[in-house]
Amino acid sequence: MSEQRAVPMLSFEDVAAAVDWLRGAFGFEERGERYADPDGRVTHAEVELGGALVMLGWPGPDYRGPRRHA
């Protein structure tokens, strides 16, 4: 039987800042390449720690996070 695994995906309004924070705070390593929209905003990145992959993504222009509800 082949090994199965789940890869979590977390959304951040600022993916680039999230990558930097995860690297500094927990020692994650960035893997692969970053994807950006035409405005230069990072919309997808991947980080890894101890063989565990986490995908990071931008939720899009319609997302209204807690900062915008205040």
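Preceding this paragraph is the structure being described.
Please read these numbers as outputs of a predicted model, since none were measured by experiment. (Residues numbered from 1 in each chain as written. Predicted model: local features only at pLDDT ≥ 70, side-chain atom pairs only at ≥ 80, totals over all residues. Heavy atoms only, no water.)

### Examining the overall build of the protein chain
Okay, step 1: The secondary structure content of the protein chain amounts to 2 helices and 4 strands.
Okay, step 2: Counting only C-alpha atoms, the protein chain reaches 45 × 25 × 25 Å along its principal axes.
Okay, step 3: Put simply, the protein chain has 70 residues, and 26% of those count as buried.
Okay, step 4: A separation of at least 24 residues holds for 43% of the contacts in the protein chain among residues at least 6 apart in sequence.
Okay, step 5: By element, 51% of the accessible surface of the protein chain is carried by carbon and sulfur atoms, the whole surface being about 5,200 Å². (Helix = DSSP H or I, 4+ residues; strand = E, 2+ residues; numbered from the N terminus. Buried < 20%, exposed > 50% of the residue type's maximum accessible area, 1.4 Å probe, protein only. Contact = heavy atoms within 4.5 Å. Areas by Shrake-Rupley, 256 points an atom, 1.4 Å probe, with all protein chains shown as cover.)

### A short note on a nonpolar patch on the surface
Okay, step 1: Residues Trp21, Phe26 and Leu49 make up a contiguous nonpolar surface patch of roughly 340 Å² in combined accessible area.
Okay, step 2: The residue leucine 49 is located in strand S3 (residues 42-49) in this model.
Okay, step 3: A relative accessible area of 37% means that leucine 49 is categorised as partly exposed. (Patch = residues over 30% accessible without salt bridge, like charges linked within 9 Å, V, L, I, M, F, W, Y side chains within 5 Å. Salt bridge = Lys/Arg side-chain N within 4 Å of Asp/Glu carboxyl O.)

### A look at the sheet that holds strand S1 (residues 9-11)
Okay, step 1: The strand order across the open sheet built from 4 strands is S1-S4-S3-S2, with neighbouring strands paired in mixed fashion. Only two strands of the sheet have a single neighbouring strand rather than two, namely S1 and strand S2 (29-36). For this sheet, the mean angle separating the axes of adjacent strands, direction not counted, is 20 degrees.
Okay, step 2: Sheet contacts for helix H1 (residues 15-26): S2, S3 and strand S4 (52-57); angle to S3, the most-contacted strand, approximately 15 degrees. (Pairing = 2+ DSSP bridges. Axes fitted to C-alpha atoms, helices over the stretch in contact; angles between N-to-C directions.)

### Side note on the side chain of glutamate 46
Okay, step 1: Within the secondary structure, glutamate 46 is located in strand S3.
Okay, step 2: Arginine 31 provides the closest opposite charge to the buried, unpaired glutamate 46, separated from it by 4.1 Å.
Okay, step 3: Looking at glutamate 46, its side chain comes within polar contact range of the side chain of histidine 44, at 3.3 Å.
Okay, step 4: If near-sequence neighbours (up to four positions away) are discounted, glutamate 46 is found in contact with Glu29, Glu30, Arg31, Leu53, Val54 and Met55. (Lys, Arg positive; Asp, Glu negative; His and termini not counted. Polar contact = N/O pair within 3.5 Å; in protein donor to acceptor, adjacent residues only side chain to side chain.)

### Thoughts on the packing of aromatic side chains
Okay, step 1: Tallied over the full model, the rule gives 1 aromatic pair.
Okay, step 2: Between tryptophan 21 and phenylalanine 26, the ring centres sit 5.3 Å apart and the planes meet at 85 degrees, which makes this aromatic pair edge-to-face.
Okay, step 3: According to the relative accessible area criterion, phenylalanine 26 is partly exposed, its value standing at 47%.
Okay, step 4: Across the ring face of tryptophan 58, the terminal group of arginine 41 is positioned such that the distance to the ring centre comes to 4.1 Å. (Phe/Tyr/Trp six-rings, centres within 6.5 Å; stacked < 30°, edge-to-face > 60°. Lys NZ or Arg CZ within 6 Å of the ring centre and 35° of its normal.)

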